[in-house]
2 protein chains.
Amino acid sequence: MVASTASRLSPPRFSTPSPSLHPPNRRSRFSPVRAAKLEAVLSIGAHLIPHPRKAASGGEDAFFANSDAGGVFAIADGVSGWAEKNVNPALFSRELMRNSSNFLNDEAVSHDPQILLMKAHAATSSIGSATVIIAMLEKTGTLKIASVGDCGLKVIRKGQVMFSISPQEHYFDCPYQISSEAEGQTYKDALVCSVNLMEGDIIVSGSDGLFDNIFDQEIVSIISESPSVDEAAKALAELARKHSVDVRFDSPYSMEARSRGFDVPWWKKLLGGKLIGGKMDDITVVVAQVKTVVVPEDEVQGGDTEEQKGNEQGAAAVVAYKMNDEEVA
Amino acid sequence: MVASTASRLSPPRFSTPSPSLHPPNRRSRFSPVRAAKLEAVLSIGAHLIPHPRKAASGGEDAFFANSDAGGVFAIADGVSGWAEKNVNPALFSRELMRNSSNFLNDEAVSHDPQILLMKAHAATSSIGSATVIIAMLEKTGTLKIASVGDCGLKVIRKGQVMFSISPQEHYFDCPYQISSEAEGQTYKDALVCSVNLMEGDIIVSGSDGLFDNIFDQEIVSIISESPSVDEAAKALAELARKHSVDVRFDSPYSMEARSRGFDVPWWKKLLGGKLIGGKMDDITVVVAQVKTVVVPEDEVQGGDTEEQKGNEQGAAAVVAYKMNDEEVA
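Everything quoted here is computed from the prediction, not taken from an experiment.

A. Layout of the sheet that holds strand 12 (residues 202–206) of chain B. Residue and element names in this part refer to chain B. One open sheet accounts for 5 strands, arranged 1-13-12-6-7; its pairing is antiparallel. Two strands lie at the open edges of the sheet, namely strand 1 (38–49) and strand 7 (160–164), each paired on one side alone. Along the sheet, successive strands turn relative to each other by an average axial angle of 25°, direction set aside. Two elements, strand 12 and strand 13 (residues 283–294), share 5 bridges in a ladder whose sense is antiparallel.

B. Examining the sheet that holds strand 12 (residues 202–206) of chain A more closely. Residues and elements named next belong to chain A. Taken in spatial order, the 5 strands of this open sheet run 1-13-12-6-7, and their pairing is antiparallel. Of all strands in the sheet, those with a lone pairing partner are strand 1 (38–49) and strand 7 (160–164), marking the two edges. Taken pair by pair, the neighbouring strands of this sheet meet at an average axis angle of 25°, ignoring direction. Relative to strand 13 (residues 283–294), strand 1 is paired through 12 bridges, and the arrangement is antiparallel. If you follow H47 over to strand 13, its bridge partner there is V285. Its contacts with the sheet put helix 5 (residues 216–225) on strand 6 (152–157), strand 7, strand 12 and strand 13, and the angle it makes with strand 6 is roughly 55°. Those strands touched by helix 6 (residues 229–244) are strand 1, strand 12 and strand 13, and its axis lies near 35° from that of strand 1.

C. Just the packing of helix 5 (residues 216–225) of chain B against helix 6 (residues 229–244) of chain B, in detail. Residue and element names in this part refer to chain B. Running from N to C, helix 5 and helix 6 cross one another at 145°; their axes reach a closest spacing of 9 Å. Considering only the axes of helix 5 and helix 6, their crossing is right-handed. Of the residues in helix 6, those touching helix 5 at E218, I219, I222 and I223 are A232, A235, L236, L239 and H243. Partitioned by chemical class, the residues of the contact of helix 5 with helix 6 number 7 nonpolar, 1 polar and 1 charged.

D. Just the packing of aromatic side chains, in detail. All names here are of chain B. In this structure the tally under the stated criterion is 7 aromatic pairs over all chains. Judged by centre distance (5.9 Å) and plane angle (70°), the rings of F215 and F249 are edge-to-face. With F215 in the loop between helix 4 (208–211) and helix 5 and F249 in the loop between helix 6 and helix 7 (252–259), the pair connects residues that are 34 residues apart, well separated along the chain. Residue classification places F249 among the buried residues on the basis of a relative accessible area of 14%.

E. Highlighting the nonpolar core. L153 and F163 of chain A together with F73, L153 and F163 of chain B are the most contacted members of the largest nonpolar core, which totals 56 residues. With near-sequence residues (within four places) excluded, F73 of chain B lies in contact with L42, I44, F64, A65, I133, I134, A135, L153, I203, S205, V286 and A288 of chain B.

Definitions and cut-offs
Residues numbered from 1 in each chain as written. Chains lettered and ligands numbered in written order. Predicted model: local features only at pLDDT ≥ 70, side-chain atom pairs only at ≥ 80, totals over all residues. Heavy atoms only, no water. Pairing = 2+ DSSP bridges. Helix = DSSP H or I, 4+ residues; strand = E, 2+ residues; numbered from the N terminus. Axes fitted to C-alpha atoms, helices over the stretch in contact; angles between N-to-C directions. Contact = heavy atoms within 4.5 Å. Left-handed = near helix turned anticlockwise from the far one by under 90°. Nonpolar A, V, L, I, M, F, W, Y, C, P; charged D, E, K, R; others polar. Phe/Tyr/Trp six-rings, centres within 6.5 Å; stacked < 30°, edge-to-face > 60°. Buried < 20%, exposed > 50% of the residue type's maximum accessible area, 1.4 Å probe, protein only. Core = buried A, V, L, I, M, F, W, Y, C linked by side-chain atoms within 4.5 Å.

Given below as structure tokens:
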């Protein structure tokens, strides 16, 4: 039996498949010592493709991205079930993102994504609910994350996914969600975690419309081929959209559904039918790359610079809910 | 097509499958405000079963666990390829764990698992290499993790895996590894991350011998049935061991191997053969549960208590490389 008799194959001397995997000194660490001169910042690209049937209204996803102060982005996915109650599911997610952007420089938030979520949620008056993720890069290179529900985030380093967050759900297809109703989740229910990043690391984040329709290896492959974060975000969204409308694509979503015991009706099974296909949904993608900027020592010492940057952040923020409303062919 | 036409099923009003999923006030948050009175600590259980052919020598995994100062544990998996060079692969992993335990209270370490790894690695004089994970719980409830290679760690909350770390590898079955050789990885290559935990959260960590042979749903199921962390660790190790010697079990390892293009020889394929089975290996499991302890205000205010605790830690530490050497039936 091949699998169970194979010993760990790693040799004492490494024969790395490609020398380019280990470029000397490529990966700076943002250690406290170096932080006096080098600061980590995010270069951010984003792309949103609404659900084919919601293209006219822009869909129910929303996001904001802000490259100031290290780099911050957030994604909210409005829960579509609200449409059954004659509530537009987009209102809540869009207002939540607007408020997240507005509170970014609130003193109480103090670069804590969970507190930002608390403030933004408290200020949101629309009826509805949404899954949400907020991520903030510290100047030291630490990415701080607060997530409620099934928006995803992965970090790619040296061509492999080296960090990934897990979705939270009540049951299959019913994620945790920030809500206008008391029964919903709050910032207290968020998955709060952080990961130390290095120069060159790529963050891929998105609504479940992305991760339900694309595999990790496809993400890694597209990232390796894309010349910029903008083009990577667009390519990822477009591949996910293509898969989402492909009834023959065995998507992560359909594989997960089958593993949970969902299936086609018995009569379809008799005809050889199988639960398969992509999942049509709004698809939001944020791709961010960690870069370093050199900051003069005296700027680092003083506390004023950050404050000034902070006051200008509002203008630089992008709050978006619709970047691409083209119809599916 | 069922999968792609299904809208997000979550209703505006939640029909939670079981009321026990939301016990009121069960999950305390260790907020800075509450930290004055409540501190998070780990209750830790561990179990090690050596590779069936390495039972006499205790195998090449090693670990240490220390419930003082919040709670710390570490696992190292000696890379077996060294045996081909007439080097006992267990020496490096065991010395690395001894040194990790010894440096726990070193001032420079200051509760940083990455620095602890640096110190322990620098002090290790044995020839060899090992994958390694070190995890430390802060009193505030933040679990800090440094990992090199493919030891795993998952956090289970409310019956679902809510956090999980990704393995790092050069190529299939060749993980990143801390080494006596300059070509190996160092603390700088570690995945460094943290996750905010809540009272009741369960951490399951282990060498790849655990996660190659057991699925998440099995882990969640065993955790829900086990009366203590010790029994959970033992039950997880025993199920993984059972699967590891089962040539018909379609393990996470064999599924991963197939997805990477590995397969049985063509003549076996013609006979209907398939790459399947568990992976025999040393299996180390650490299970830890987050609990809270009430600390009198005056103890929290003073800095002496922690110092005193620190000085006593050495005695409380457990460094182990072999807890169960029974032969496989």
